[in-house]
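# Analysis of the macromolecular model
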Amino acid sequence: MAGDDIPGGWVALDGGTVAGTGRAGEEPEAARTLTARGALVTPGLVNTHHHIFQNLTRAYAPATGYELFDWLKALYPLWAAVDEEAVEVSTWVGLAELALGGCTTTTDMLYAHPRPRLIDAQIRAARDVGLRFHPARGALDLSEKDGGPAPAQLTESVEEILADSERLVRTYHDPAPGSMLRIALAPSTQAAVTERLMVETARLAERLDVRLHTHLAESLGEEEYCRETYRRRPVEQFEHVGWGSDRAWVAHFIFTEPWERERLGRWGTAVAHCPGSTMMLGAGAASLPALRDAGVTVGLGCDGSASTDHASLWLEARTALTAARERGGAGAATARDILRAATVDAAACLGREDGLGRLAPGAPADVVVWDLDEFAFAGAHTDPVEAWLRCGPVRPRHTLVQGHPLVEDGSLTLPHARTHDMLTTHAHHARRIQGLEDGT
Ligand SMILES: [Zn+2]
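As recorded in an unreviewed UniProt entry, the protein chain goes by 8-oxoguanine deaminase and comes from Streptomyces reniochalinae.

## Regarding the overall build of the protein chain
Secondary structure assignment for the protein chain yields 15 helices and 15 strands. By its C-alpha atoms, the protein chain is 70 × 50 × 40 Å across when sized along the principal axes. For the protein chain, with 440 residues in total, the buried portion stands at 57%. Residue pairs in contact within the protein chain that sit at least 24 positions apart in sequence constitute 74% of those at least 6 positions apart. As displayed, the protein chain offers around 17700 Å² of accessible surface, 49% of which is attributable to carbon and sulfur atoms.

## Quick look at the UniProt feature "domain: Amidohydrolase-related" (unreviewed entry) in the protein chain
According to UniProt, the feature "domain: Amidohydrolase-related" (unreviewed entry) maps to residues 40–374 in the numbering used here. This span, residues 40–374, is 42% helix and 15% strand, and a straight line between its end C-alpha atoms measures 12 Å.

## A closer look at empty space enclosed by the protein
Which parts of space are left empty comes out when a probe the size of a water molecule is rolled across the atoms. All told, the structure shown has 1 cavity of 30 Å³ or more when counted by the stated rule. A volume near 140 Å³ is recorded for the largest cavity. The residue makeup of the lining of the largest cavity, split by class, is 7 nonpolar, 8 polar and 2 charged.

## Regarding the coordination of the zinc ion
Taken together, the protein donors to the zinc ion comprise H49 (NE2), H51 (NE2), H215 (NE2) and D303 (OD), at separations of 2.1 to 2.5 Å. Viewed at the metal, the 4 donor atoms of the zinc ion are separated by angles of 89 to 172°, and the geometry they form is irregular. Mapped onto the sequence, the residues coordinating the zinc ion show the spacing H-x1-H-x163-H-x87-D. Looking at H49, the relative accessible area reads 0%, which means it is buried.

## Re the sheet that holds strand 14 (residues 404–408)
In spatial order, the strands read 3-12-13-14-15; together these 5 strands make up an open sheet with antiparallel pairing. Every interior strand has two partners, whereas the edge strands, strand 3 (39–43) and strand 15 (411–412), have only one. When strand 3 meets strand 12 (residues 367–371), the two strands line up antiparallel, connected through 5 bridges. Directly across from P43, in strand 12, lies its bridge partner V367.

## Examining the layout of surface pockets
Of the pockets and cavities examined, the second largest pocket occupies roughly 540 Å³. Surrounding the second largest pocket, 24 residues form its lining, R211, L350, G351, R352 and E353 being those nearest its centre. Residue classes in the lining of the second largest pocket are distributed as 11 nonpolar, 5 polar and 8 charged.

## Description of the sheet that holds strand 7 (residues 184–187)
Spatially, 4-5-6-7-8-9-10-11 is the arrangement adopted by the 8 strands of the open sheet, whose pairing is parallel. The strands lining the two open edges of the sheet, one partner per strand, are strand 4 (45–47) and strand 11 (298–300). Between one strand axis and the next, the sheet turns by 25° as a mean value, whatever way the strands run. The sheet contact formed by strand 7 and strand 8 (residues 211–216) spans 2 bridges and is parallel. Each residue of the ladder has a partner; that of L185, found in strand 8, is L212. Helix 3 (residues 118–129) contacts strand 5 (103–110) and strand 6 (132–139) of the sheet and is inclined by roughly 170° relative to strand 6. Across the face of the sheet, helix 12 (residues 335–342) comes into contact with strand 4 and strand 11 while running at roughly 85° to strand 11.

## Section: the nonpolar core
W71, W79, Y111, F253, I338 and W388 are the most contacted members of the largest nonpolar core, which has 134 residues in total. Sort the elements by how many residues they give to this core and helix 2 (residues 84–100) lands first, with 9 residues. In this structure I338 touches L288, L300, A317, A320, L321, A333 and L389, once residues within four positions along its chain are discounted.

## A look at the packing of aromatic side chains
Inspection of the entire model under this criterion finds 9 aromatic pairs. Between F53 and Y111 the ring centres are 5.7 Å apart and the planes differ by 85°, which places this aromatic pair in the edge-to-face class. Placement of F53 in the loop between strand 4 and helix 1 (68–79) and of Y111 in the loop between strand 5 and helix 3 is noted, with a sequence separation of 58 residues between them. Judged by its relative accessible area of 1%, F53 falls in the buried class. For the pair Y225 and Y230, a centre-to-centre distance of 6.4 Å together with 80° between the ring planes defines the contact as edge-to-face.

## Points about the side chain of N55
Assignment of secondary structure puts N55 in the loop between strand 4 and helix 1. The exposure class assigned to N55 is buried, which follows from its relative accessible area of 5%. Within the structure, N55 has its side chain in polar contact with the side chain of H426 (distance 2.8 Å). If near-sequence neighbours (up to four positions away) are discounted, N55 is found in contact with S90, V93, G94, S305 and H426.

## Observations concerning the environment of R432
Mapped onto the fold, R432 is located in helix 15 (residues 416–433). In the structure, R432 is positioned 176 residues away from T256 in sequence and 40 Å away in space, judged by C-alpha atoms. Once residues lying within four places of it in the same chain are set aside, the contact partners of R432 are A81, D83 and A86. Side-chain polar atoms of R432 contact the side chain of H429, separated by 3.0 Å.

## Quick notes on helix 1
Taking 1.5 Å per residue, 12 residues should reach 16 Å; helix 1 reaches 16 Å between its end C-alpha atoms and fits that length. Every buried residue of helix 1 is listed here: L68, F69, W71, L72, L75, Y76, L78 and W79. Down the axis of helix 1, the sector holding all buried residues measures 165°, keeping them to one side. The secondary structure elements touched by the buried residues of helix 1 are helix 6 (220–230) and helix 15.

What counts, and where the lines are drawn
Residues numbered from 1 in each chain as written. Predicted model: local features only at pLDDT ≥ 70, side-chain atom pairs only at ≥ 80, totals over all residues. Heavy atoms only, no water. Helix = DSSP H or I, 4+ residues; strand = E, 2+ residues; numbered from the N terminus. Buried < 20%, exposed > 50% of the residue type's maximum accessible area, 1.4 Å probe, protein only. Contact = heavy atoms within 4.5 Å. Areas by Shrake-Rupley, 256 points an atom, 1.4 Å probe, with all protein chains shown as cover. UniProt positions renumbered as here; feature names shortened; annotations may be inferred. 1 Å grid on protein atoms, 1.4 Å probe; cavity = no way out; pocket = protein on both sides within 12 Å on 5 of 7 lines; lining within 4 Å. Points joined across faces, edges and corners; volume = space filled by probe spheres on them. Nonpolar A, V, L, I, M, F, W, Y, C, P; charged D, E, K, R; others polar. Donors = N, O, S within 2.8 Å, 3.2 Å for Na, K, Ca; no water. Tetrahedral: all angles 85-135°; square planar, octahedral: opposite > 155°, others 65-115°. Pairing = 2+ DSSP bridges. Axes fitted to C-alpha atoms, helices over the stretch in contact; angles between N-to-C directions. Core = buried A, V, L, I, M, F, W, Y, C linked by side-chain atoms within 4.5 Å. Phe/Tyr/Trp six-rings, centres within 6.5 Å; stacked < 30°, edge-to-face > 60°. Polar contact = N/O pair within 3.5 Å; in protein donor to acceptor, adjacent residues only side chain to side chain. Expected span 1.5 Å × (residues − 1). Arc of directions from axis to C-beta.

In structure tokens, the structure reads:
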């Protein structure tokens, strides 16, 4: 982003795309104007990894202090109670929360399918909220009885997964520039799915020309599983099943050797970096500078709403800055490096080649206006991007997707009564799933 800041500038939008940008005094005529005085204007943030349905079991106390697989085993039985309404309302609430944090495009990997057609319910919610949505059809096919971590209610057969994946792509996937909805295929992790599912999913993605997503090198448990089961490290197995390509992006990539990072860079496989979640689960975080040095494209992601517990890409961006400096020293990353990971490079993770993540003519009109004239920014006068990330917390004054404001003057533009109803219904399902008395 360095070099293309415009102090006191403007952004013009027209019909869902950016029409132009410019300096003060050169503003074009406009039918409608939103003021950005005292604010920083950035492209909308792009979320490259999430499990939104987990907001139904947020900060779940009985799983506190567990590392990944024990944490998953504590929560999987609860997730077996997720139904279509719970998924729709959790997605609606999660997407609204993302918009309030400056996110305009998100992926989501829903891997628990105790009932059919749950991703259809997510898509209904995304259309209602108006966020740009890249649902990744998650999957688990290795149940406890076959040596996997998940109970049988959450697993499906390879045939069921592939058939539903193809149905979703044929029904909803829009590859056109400016697309509001694209489907990706996403077996959860090699430690929870069969080798056959990985191989068949890669073939299907090639045939349908859609992207591939999974977790990779996320935990030492995954490494141990791959060594014991396949006599390979997770990255070697990933290559063996045909995933090493620029069609895939992977979440985390923490427990890696230099040659593995270089291999990913050579393949063009991008990484969703989610330090808030992986540090919360005690796994630490990947080194963003080391990945970039190896030629890997790195986007940011919030990750699961029950591990990182928030859905704020701004908060994740700030965590990424401190994590990079903790690993590599004070010179390891700047706020602009992180903004790039949250916008341009995140859009590349999702395979967007239509300018998403930039404020350039012809790009999708996804824009965030961040208030920098609050108490938290008093005294920050030398660099608005550093101020944006190092001061705060900061909220968007306006969040626009496809030119439409989802947040205006700090509030959601969705009807207040609908927001209230959604939060009430969400609380009902969350308490039901957690086995609590219904407090609504
Ligand atoms: Zn994840």
